[in-house]
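Residue-level structure breakdown
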Amino acid sequence: MRAMLLESPRPVEQSPLRLADIEEPQAGPGEIRVRVRCCGLCHTDLHTVEGDLALPRTPIVPGHQIVGIVDQLGKGVTTFKRGDRVGVPWLYSTDGTCRYCRSATENLCQSARFTGLHVNGGYAEAMVVRQDFTYSLPAQFTDSQAAPLLCAGVIGYRALRMSEAKDGERIGLFGFGASAHIVIQLARHLWMGVYVFTRAETHRQLARELGADWVGSATDQPPDDLDAAIIFAPAGALVLDALRHVRKGGRVILAGITMSAIPEMDYSLIYGERVLRSVANATRQDARDFLALAAKIPVRTEVQMFALEDANHALEAMKHSRIKGAGVLQVSRESL
Ligand SMILES: [Zn+2]
Ligand SMILES: [Zn+2]
């Protein structure tokens, strides 16, 4: 089968992913094989191919926002049948036994494995996944519209939840890529005021289209103090900007998996019971809750499609903030 394979990480401009013909995986006990239709691009994919994340194995097929059709059932699979459409996210498996798994924080599991990092992901025509870490997708979303929900959406949902922002409060979004363009829709559904900090003109335009109350740069002064902020861009200096804009008792949430060093800061920036908190992965319950909410609102994802073999080029476009909304790789021609 065709797959975009990462053998040795390097800057995406040097095309670290290579189109390869690899053996089709087989579903083991409790697993299903998914015939991939499309796969969303995530900043974590960029951190994977460029080597910002330690790679547990190479070669590896990245990609963890997978939409596809079940085409093989392993022994004991009862949740899905052949032909079902499913989604596969970042959290690939947990041990189910560690202190985190036992306390409703399986996203922090000691031995969690992640799709496209520990095991081959969705930049390929097929992949294999455990039935209990796979989701049915609301029928109203086409394949390509559903793909960004699986990480950009789920992680954004968890970040918004961690921000503890309530109806009528003001939330700041720093960076406006795939995740923020979904979070703004959740926040507005919950009657929050949304303040967007981004430099890229395409991102500013999309933020306005989606109803941002204010759009500016990270160093601009918004008209009001914020109750909470979520930082999506991996730039540590934004932490100081966000803390400067949140009120006493305000929360600043870091949604990225990596970030450049956070500059030294004066204690007064965080004094006043301001809270700084990172988000790491998401639980299966987050995914279920978010998919139901996305269908109810309904969330509308803006997607830009790329061919599977253009994955390097697509990741480069994302790196330079040239994608409006979310980038998605079209893997199968049947994909909608
Ligand atoms: Zn992701
Ligand atoms: Zn665990």
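Residues numbered from 1 in each chain as written. Chains lettered and ligands numbered in written order. Predicted model: local features only at pLDDT ≥ 70, side-chain atom pairs only at ≥ 80, totals over all residues. Heavy atoms only, no water.

This part covers the sheet that holds strand β11 (residues 193-197). Reading across the sheet, the six strands line up as β12-β11-β10-β13-β14-β15 and stay open at both edges, with parallel pairing between neighbours. Of all the strands in the sheet, just β12 (214-216) and β15 (275-278) have a single pairing partner and so form its edges. On average, each strand axis in the sheet is inclined to that of its neighbour by 15°, with strand direction left out of account. Across four bridges, the pairing between strand β14 (residues 246-254) and β15 is parallel. Counterpart to isoleucine 253 in the pairing with β15 is arginine 277. Sitting on the sheet, helix α6 (residues 237-245) is in contact with β10 (170-174), β11, β13 (226-231), β14 and β15, with an inclination near 150° to β14. (Pairing = 2+ DSSP bridges. Helix = DSSP H or I, 4+ residues; strand = E, 2+ residues; numbered from the N terminus. Axes fitted to C-alpha atoms, helices over the stretch in contact; angles between N-to-C directions. Contact = heavy atoms within 4.5 Å.)

Turning our attention to the packing of aromatic side chains. Under the criterion given, the structure shown has six aromatic pairs. Between tyrosine 157 and phenylalanine 290, the ring centres sit 5.9 Å apart and the planes meet at 45°, which makes this aromatic pair tilted. Residue tyrosine 157 is located in helix α3 (residues 152-162), and its partner phenylalanine 290 is located in helix α7 (residues 284-296); the two are separated by 133 residues in the primary sequence. For the pair tyrosine 157 and phenylalanine 290, one class covers both residues: buried. Where tyrosine 267 meets tyrosine 271, the ring centres are 5.6 Å apart and the plane angle is 50°; that geometry is what we call tilted. We note that tyrosine 267, like tyrosine 271, is exposed. Every member of this aromatic cluster is reached through a ring pair, and the members are Phe174, Tyr195, Phe197 and Trp214. Across from the ring centre of tyrosine 100, 5.5 Å away, lies the NZ or CZ of arginine 99, which sits over that ring. For arginine 284, the ring lying beneath its charged end belongs to phenylalanine 133, and the centroid distance is 3.9 Å. (Phe/Tyr/Trp six-rings, centres within 6.5 Å; stacked < 30°, edge-to-face > 60°. Buried < 20%, exposed > 50% of the residue type's maximum accessible area, 1.4 Å probe, protein only. Lys NZ or Arg CZ within 6 Å of the ring centre and 35° of its normal.)

Let us now look at helix α5 (residues 201-209). Three or more residues of α5 are buried, namely His203, Arg204, Leu206 and Ala207. All buried residues of α5 fall inside an arc of 165° around its axis, so they share one side. Buried-residue contacts for α5 involve α4 (178-189), β11 and β12. A positive backbone phi angle near 95° is found at glycine 211, which sits one or two residues after α5. (Arc of directions from axis to C-beta.)

Let us look at the pattern of salt bridges. Tallied over the entire structure, the rule returns 23 salt bridges. Taking the shortest distance from any N to any O, the salt bridge between lysine 319 and glutamate 50 comes out at 2.8 Å. Of this pair, lysine 319 sits in helix α8 (residues 311-319) while glutamate 50 sits in the loop between α1 (43-49) and β4 (66-73); the two residues are 269 residues apart in sequence, bridging distant segments of the chain. It is possible to trace a salt-bridge network through shared partners that takes in Glu24, Arg33, Arg35 and Asp71. (Salt bridge = Lys/Arg side-chain N within 4 Å of Asp/Glu carboxyl O.)

Now for the nonpolar core. Among the nonpolar cores identified, the biggest contains 51 residues, and Leu149, Ile171, Leu173, Phe176, Val196, Ile230 and Phe290 are the most heavily contacted of them. Those elements that place two or more of their residues in this core are α3, β10, α4, β11, α5, β13, α7 and β17 (326-330). Leave out the neighbours within four places in its chain, and leucine 173 touches Ala180, Val183, Ile184, Val194, Tyr195, Val196, Phe197, Ile230 and Phe232. Core analysis: the second largest hydrophobic core is formed by 42 residues, Met1, Val36, Ile66 and Val331 among them. (Core = buried A, V, L, I, M, F, W, Y, C linked by side-chain atoms within 4.5 Å.)

Below, the discussion takes up the coordination of the zinc ion (ligand 2). Each protein donor to the zinc ion (ligand 2) is listed here as Asp95 (OD), Cys98 (SG), Cys101 (SG) and Cys109 (SG); together their distances run 2.1 to 2.3 Å. For the zinc ion (ligand 2), the four donor atoms in the first shell make angles of 98 to 118° at the metal, a pattern classed as tetrahedral. Cysteine 101 gets classed as buried once you look at its relative accessible area, which sits at 18%. Under the relative-accessibility criterion, cysteine 109 is labelled buried at 7%. (Donors = N, O, S within 2.8 Å, 3.2 Å for Na, K, Ca; no water. Tetrahedral: all angles 85-135°; square planar, octahedral: opposite > 155°, others 65-115°.)

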